[in-house]
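Residues per chain are reported as follows:
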Amino acid sequence: MRLKGFRLLTIITALVLSNNLLAQSIDDVLNRGQVHGNFGMDMQYYQVDSLIGASETPDEDVLMNGFANFIYTNGSFSAGFRYESYMNALQGFPAQYKGNGIGYRFASYTNDDMTVTVGNYYEQFGNGLIFRTYEALGGLGYDNSMDGMRINYKLRDGLFVKGIIGTQRLYFEQGDGVLRGVDGELMVNDFFGGSLKNSKTKLTLGASFISKYQADQSSQYNLPENVGAYSGRFLLRHRKISFNGEYAYKINDPSADNGFIYKEGTAFYAETAYSTKGFGLTLSAKGNDNMSFRSDRAAGQQDLLINYLPALTRQHTYNLLATLYPYATQPNGEMAFQGELVYKLKKKSFLGGKYGTGILVNYSTIYNIDSTAVPTAENDSTRMGYTTNIFSVGDERYYDEINVEITKKFSKKLKGIFTYSNMVFNQAVIQGKNPKKYPDVYADIAVIDLTYKINKKNAIRTEIQGLFTQQDQQEWATILIEYSFSPHWFVAIMDQYNYGNTNKDVDGNFNERIHYYFASAGYVRGANRFQVGYGRQRAGIFCIGGICRTVPAANGLTLSITSSF
Amino acid sequence: MKKLILLSILTTLSFTIFSQQEKRAMPSVNVTDMEGGTVNTSEFNNDGKPMIVNFWATWCSPCKRELNNIADVYDDWVEETGVKLIAISIDDARNAGKVAPYVNGKGWEYEVYIDSNQDLKRALNVNNVPHTFLLNGKGEIVWQHNSYQEGDEDTLYEAVKALAAGKELKH
């Protein structure tokens, strides 16, 4: 009995000890682990609206897009997924987003400066001229993420290497082509160290290569199955001035985008910036020729894009500037220039006034590139289509805009932002319309944005916008009034009105003078945000209720919820 | 005997589950500084004082309103609490080159980084800009807020002052 009792005691002690050790390690593991996530949902109740061509409302009254991300991290390990739900997808979204599914899942770990990721990932090389995957599901339904493997390795100070392999997301499926790529970046100062490390001159060099494989199943053409593209780049900075340049080359890549020609593609990006306190200047140029690059040569729309050719224009957020004539890069060929100046007139100076005045001037101009057609037989697998020099500016203008923005604080309570823009928009090229019926649009746009702070918590903001043109749909006006009660509430009403439209119906009435009225209200608490809206809304970037997001076209009652934890 | 084992395992587990979870710190993600260098976000620090991490973009008007409004009072904030504001721009290649000229042109005195591949934005589960995180002196995220309305900076600063005074924040 005594012996038994002793044995029992020993076992208990051993158990408690081992359990404590176990507890310690479980504790260590579990307590370092964290789960975080975010959620977003847009729901719409549709109304028939023949005026804006929304007479074809879906059979269902209510449509909904939603998603939630969950990410678990524990030390150097991380894994997560995004659950997506399209019940059914909102109007204006690609119909292939249907039902529920896991749109994104990954696991990764980091060890000795090397990160391995398997599953889905977003990555870009340099400026993205030959490779960039990203996601904008919320408003655009765009996601070209990779599914495969990736290694990011910091070999030593100043030397980074990335390797990727995988296929791209195509809604709830994967694209046909397999991508393989490497990118190296050398930060010269960090790499060589010593006195260079603190030098006022800094240099970064980079190079990338990417190749896609897609089987040739064409009976008509003899298509290249492996298409390679490479690029080289540098970033040079000396005190307050910087130069950033990248050049990219792609071998022949016959595709639906370029009409199955066998010409190579090229692109370059060059930018210089100078800034000092109160003054900033950026000058940039970009050219691209035959640089549409997709992991399926037959793909169209926004599907399976491998690279990113940024539009060299100002990214607008005011309704009339952002939604009516937005420029879109022409991957088959364009030459673009842009300059932007930011200047602050000092406080208490003659022009600056008591609080100082901010001035921003942006100019951008975009043309086609000069080319000469090379006639060859229709089905010839050697046809080049045309010859060109990427640095040669053609004589067809695609876009041209100068805009000036003045930011002025009048008093502690009243502030204003005044914007004027003059733009030329080649709707035939950018929107693929018939040039005989759709001439270039010459538009003047003015925006007055005033904020009046009633007291510490209450504020009213108004936007008065006008767009004046003799082409397309003629004049537009937008009025927005937003009332906010910090930190939780806002209400806003907006009307975008095509008051100058001259089109008439058979009875001679101006039937296209449409109002896009939209009323919304929202509640924010911490990282949770709720917004309801009613009315019509055009698709585009919207900055209402204290956030900016790309929204789909709306018509009827909308409910948006975003949250993160 | 079995009961004993079960009991001890249960105590162990419940102990594990109910023990205090650590608060969230900045994830380890590389962002680009204004000179083109690479900085790991887990190395953000402010010598034991609070930090504000704010996501913005050059095309986001409420973001710019927020950061311009804070810029007017930032000197006072720093002097009174030692707080540091880190502004994370999510601009991509289209606008990344305009970030430094804009920041300097506006005379902002924040620490500014570019997260052009949105790795940090994803790691912190940010839906839309602007989105603000507040970190305590230990580098733990103790407060966050999405969107900006006039006056929100006062609420943020109340939280900063509470932190600087060593108080716990009610979320």
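Every chain is numbered on its own, with residues counted from 1 as its sequence reads. Chain letters and ligand numbers both follow the written order, the letters beginning at A and the numbers at 1. Reporting in this predicted model follows two pLDDT cut-offs: at least 70 for local features of residues, and 80 or more for side-chain atom pairs to be given and counted; totals over whole chains, interfaces and linings ignore these cut-offs and use all residues. Computation of side-chain values: all heavy atoms of the structure, hydrogens and water removed.

Chemist: Describe the overall build of chain A, naming the residues involved and giving the relevant values.
Modeler: Assigned secondary structure in chain A consists of 5 helices and 29 strands. Seen along its three principal axes, the alpha-carbon backbone of chain A occupies a region of about 110 × 65 × 60 Å. Under the scheme applied here, a residue whose accessible area is under 20% of the maximum for its type counts as buried, over 50% as exposed, and between as partly exposed, the area being computed with a 1.4 Å probe on protein chains only. Within chain A, the fraction of its 565 residues that count as buried is 50%. We call two residues contacting when some pair of their heavy atoms lies within 4.5 Å. Sequence separation of 24 or more characterises 58% of the internal contacts of chain A that already satisfy a separation of 6 or more. Numbering of helices and strands starts at the N terminus; helices are DSSP runs of H or I of at least 4 residues and strands are runs of E of at least 2.

Chemist: Explain the state of the cysteines to me, using residue names and the numbers behind them.
Modeler: Residues and elements named next belong to chain B. Any cysteine sulfur atom paired with another within 2.5 Å is treated as part of a disulfide. Following the criterion strictly, the structure yields 1 disulfide over all chains and no others. Disulfide partner of cysteine 60: cysteine 63, at an S-S distance of 2.1 Å. On the sign convention where negative is left-handed, the bridge of cysteine 60 and cysteine 63, at about 75 degrees about the S-S bond, is right-handed. Of the two residues, cysteine 60 and cysteine 63, both sit in the buried class.

Chemist: For unusual backbone geometry, give the residues involved together with the corresponding values.
Modeler: Residue and element names in this part refer to chain A. Between methionine 87 and asparagine 88 the backbone carries a cis peptide bond, its omega angle lying at -25 degrees. Residue placement: asparagine 88 occurs in the loop between strand E3 (77–86) and strand E4 (99–111). The omega torsion across serine 486 and proline 487 is 0 degrees, close enough to zero to call that bond cis. Of note, proline 487 is situated in the loop between strand E23 (476–485) and strand E24 (489–497).

Chemist: A description of the nonpolar core should follow, citing residues and the corresponding values.
Modeler: In a soluble, globular protein the nonpolar side chains are often hidden away together inside. For the purposes of this section, nonpolar cores are sets of buried Ala, Val, Leu, Ile, Met, Phe, Trp, Tyr and Cys residues that join through side-chain atoms within 4.5 Å. Ranked by internal contacts, the top residues of the largest apolar core, which has 52 residues, are Phe44, Phe55, Trp56 and Tyr110 of chain B. With 42 residues, the next largest nonpolar core counts Met291, Tyr325, Ile417 and Trp476 of chain A among its residues.

Chemist: Break down the confidence of the model for chain B for me, citing the residues and quoting the values.
Modeler: Each residue carries a pLDDT score, the predictor's own confidence in it, on a scale running from 0 to 100. Here chain B shows a mean pLDDT of 89. Residues at 70 or above account for 86%. Here residues 15–20 of chain B is modelled with pLDDT under 50, and outside its nearest four sequence neighbours on either side it reaches 9 contacts, counting other chains as well.

Chemist: Summarise the packing of helix H2 (residues 61–81) of chain B against helix H5 (residues 152–164) of chain B; cite the residues concerned and give the values.
Modeler: In helix packing, the relevant descriptors are the interaxial angle and the interaxial distance, both defined with respect to the helix axes. Residue and element names in this part refer to chain B. Only the contacting stretch of a helix is used when fitting its axis, a line to C-alpha atoms as for every element, and angles between N-to-C directions run 0 to 180 degrees. Two elements in contact, H2 and H5, have axes separated by 11 Å at closest approach and are oriented at 15 degrees. Classified by the angle their axes make, H2 and H5 are roughly parallel. Considering how the two elements wind past one another, H2 and H5 form a crossing that is right-handed. Residues Asn69, Ile70, Asp76, Trp77, Glu80 and Thr81 of H2 lie in contact with H5, whose contacting residues are Glu153, Leu156, Tyr157, Val160, Lys161 and Ala164. Roughly parallel refers to an angle under 35 degrees, roughly antiparallel to one over 145, roughly perpendicular to one between 65 and 115, and oblique to any angle outside these ranges. Each crossing gets its handedness from the near helix: less than a right angle anticlockwise from the far helix is left-handed, clockwise is right-handed.

Chemist: Give me the lowdown on the side chain of histidine 36 of chain A, citing residues and values where you can.
Modeler: The residue histidine 36 of chain A is located in strand E1 (residues 33–46) in this model. N or O atoms within 3.5 Å of each other form a polar contact, as long as, within protein, one can give a hydrogen and the other can take it, and as long as residues adjacent in sequence are counted only when both atoms are side-chain atoms. Here the side chain of histidine 36 of chain A touches glutamine 34 of chain A through a polar contact of 3.2 Å, side chain to side chain.

Chemist: Residue-level account of H2 of chain B, with values.
Modeler: The angle separating two fitted axes, one through the seven residues that finish at a residue and one through the seven that start at it, defines the bend at that residue. Maximal helix bending in H2 of chain B amounts to about 60 degrees, located at valine 73 of chain B. Immediately downstream of H2 of chain B, the backbone of glycine 82 of chain B shows phi near 75 degrees, a positive value.

Chemist: Explain the pairing of strand E12 (residues 201–213) of chain A residue by residue, including any values.
Modeler: Residues and elements named next belong to chain A. When strand E11 (residues 178–187) meets E12, the two strands line up antiparallel, connected through 10 bridges. Its bridge partner lying in E12, aspartate 183 is registered against serine 208. Bridging between E12 and strand E13 (residues 226–238) involves 13 bridges; their strand directions are antiparallel. Bridged to threonine 204 within E13 is leucine 235. Pairing between strands requires that DSSP locate at least two bridges from one strand to the other.

Chemist: Could you give me a rundown of the environment of serine 78 of chain A, with the residues and numbers involved?
Modeler: All names here are of chain A. Looking at where serine 78 falls in the secondary structure, it is placed in strand E3. Judged by its relative accessible area of 12%, serine 78 falls in the buried class. As a C-alpha pair, serine 78 and glycine 33 span 45 residues in sequence and 9.2 Å in three-dimensional space. Beyond its immediate sequence surroundings of up to four residues, serine 78 is in contact with Ile71, Tyr72, Thr73, Phe106, Ala107 and Ser108.

Chemist: Please give an account of the pattern of salt bridges that cites residues and values.
Modeler: Residues and elements named next belong to chain A. In what follows, salt bridge is the name for a side-chain nitrogen of Lys or Arg lying within 4 Å of a carboxyl oxygen of Asp or Glu. As enumerated under the stated definition, the model contains 33 salt bridges over all chains in all. For aspartate 143, the salt bridge identified is with arginine 82, shortest N-O distance 3.0 Å. Of the two residues, aspartate 143 is situated in strand E7 (residues 142–143) and arginine 82 in strand E3; the sequence distance between them amounts to 61 residues. Comparing aspartate 143 with arginine 82 shows no difference in burial state: the two are buried.

Chemist: I'd like a rundown of the interface of chain A and chain B, residues and numbers included.
Modeler: Between chain A and chain B, the contact holds 88 residues from the first and 65 residues from the second. Buried area adds together the accessible area that both of two parts lose upon being put together, with accessible area traced by a 1.4 Å probe. For the pair chain A and chain B, the summed buried area comes to about 6,300 Å², and 48% of that belongs to carbon and sulfur atoms. For the interface between chain A and chain B, the tally reads 8 salt bridges. Residue glutamate 109 of chain B pairs with lysine 277 of chain A through a salt bridge whose shortest N-O separation is 2.7 Å. Our enumeration of links across chain A and chain B arrives at 27 residue pairs in polar contact (both at pLDDT 80 or more). In terms of residues, the side of chain A that touches chain B owes the most to one element, helix H1 (residues 2–32) of chain A, which gives 11 residues.

Chemist: Quick one: what's the story with the sheet that holds strand E4 (residues 84–89) of chain B, residue by residue and with numbers?
Modeler: Residue and element names in this part refer to chain B. Read from one edge to the other, the open sheet built from 7 strands follows the order E2-E1-E5-E4-E3-E6-E7, with strand pairing classed as mixed. Because the sheet does not close on itself, it has two edges, and the strands there are strand E2 (38–40) and strand E7 (141–146). Across the sheet, the mean angle from the axis of one strand to that of its neighbour is 30 degrees, orientation sign disregarded. Bridge count for strand E3 (residues 51–56) against strand E6 (residues 131–135) is 5 bridges, and the pairing is antiparallel. Looking at the pairing, isoleucine 52 lines up with leucine 134 of E6. Running at roughly 155 degrees to E3, H2 makes contact with E3, E4 and E6 of the sheet. Contacts from helix H3 (residues 96–105) reach E3, E4 and strand E5 (111–114), with the element oriented near 170 degrees to E5.

Chemist: Quick rundown of the packing of aromatic side chains? Include the residues and the values.
Modeler: The rule is short: rings of Phe, Tyr and Trp, with Trp giving its six-membered ring, pair when the centres are within 6.5 Å, and they are stacked under 30 degrees, edge-to-face over 60, tilted in between. Tallying each qualifying case throughout the model produces 33 aromatic pairs over all chains. Ring geometry for tyrosine 327 of chain A versus tyrosine 399 of chain A: centroids 5.3 Å apart, planes at 45 degrees, classification tilted. Of this pair, tyrosine 327 of chain A sits in the loop between helix H4 (319–323) and strand E17 (333–345) while tyrosine 399 of chain A sits in strand E19 (residues 386–409), and the two are 72 residues apart along the sequence. According to the relative accessible area criterion, tyrosine 327 of chain A is buried, its value standing at 8%. Of the residues examined, tyrosine 399 of chain A reaches a relative accessible area of 2% and is grouped as buried. Chaining the aromatic ring pairs together yields one cluster made of Trp56, Tyr74, Tyr102, Trp108 and Tyr110 of chain B. One residue, arginine 132 of chain A, lies across the ring of tyrosine 134 of chain A, its end atom 3.8 Å from the ring centre. For a Lys NZ or an Arg CZ to count as sitting over a ring, it must be within 6 Å of the ring centre and within 35 degrees of the ring normal.

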